[in-house]
Amino acid sequence: MKKATLYLMLFLVSVSIFPTSASATEKNSTSISNTPKEVPAEVQVLLNRLKEIKAMDKSHMNRVEKKALRKEVRAINTNLRSSGNGVYLSVGALIIIILLLVILL
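Let's talk about the overall build of the protein
Of the regular secondary structure elements, the protein holds four helices and zero strands. Along its sequence from the N terminus, the protein presents helices and strands in the succession α-α-α-α. Looking at the protein as a whole, 10% of its 105 residues qualify as buried. In the protein, of all internal contacts separated by at least 6 residues, the share reaching a separation of at least 24 is 60%. Just so you have it, the protein exposes about 8,900 Å², and 66% of that area is on carbon and sulfur atoms.

So, in C-alpha cells, the structure goes:
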C-alpha cells in the first residue's frame, strides 16, 4: 500500500512539474533562431511604464504620490504575471506536498 501511494504521489508531482519545464525548453529552442521573441504590445506598454517609474526622481514627491506609484507598480506586476503562460507553484503548496509525502511514508 505504501509503495502504491508513493508512486502515485511521485507521479502527481512529476506531472505538475514537467509541463512547465518542457514548454520552457520548447520555447527556448524555437527562440534560438535568428528572430528574437516578440513581446506583445500590451506587455511592452506595461514594461515601458515600469521603466518610466524607475527613472522618476521621487525625492520631491509627497507621501500620497509615492503610495500611488507603489500601488501602480504592484498592479502592473500582477498584470504581467497573470499574462504569462507558466504554471506557478507556491511555497505553501510545496510544503503541503512534502508534508503529505512524509505523513504517507
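Notes on the nonpolar core
Counting residues in each nonpolar core, the largest one holds five residues, listed as V43, L46, L50, I76 and L80. Taken together, the elements giving at least two residues each to this core come down to α2 (41-55) and α3 (63-83). When sequence neighbours within four positions are dropped, the list of residues in contact with L50 reads V73, I76, N77 and L80.

Calculation rules
Residues numbered from 1 in each chain as written. Predicted model: local features only at pLDDT ≥ 70, side-chain atom pairs only at ≥ 80, totals over all residues. Heavy atoms only, no water. Helix = DSSP H or I, 4+ residues; strand = E, 2+ residues; numbered from the N terminus. Buried < 20%, exposed > 50% of the residue type's maximum accessible area, 1.4 Å probe, protein only. Contact = heavy atoms within 4.5 Å. Areas by Shrake-Rupley, 256 points an atom, 1.4 Å probe, with all protein chains shown as cover. Core = buried A, V, L, I, M, F, W, Y, C linked by side-chain atoms within 4.5 Å.

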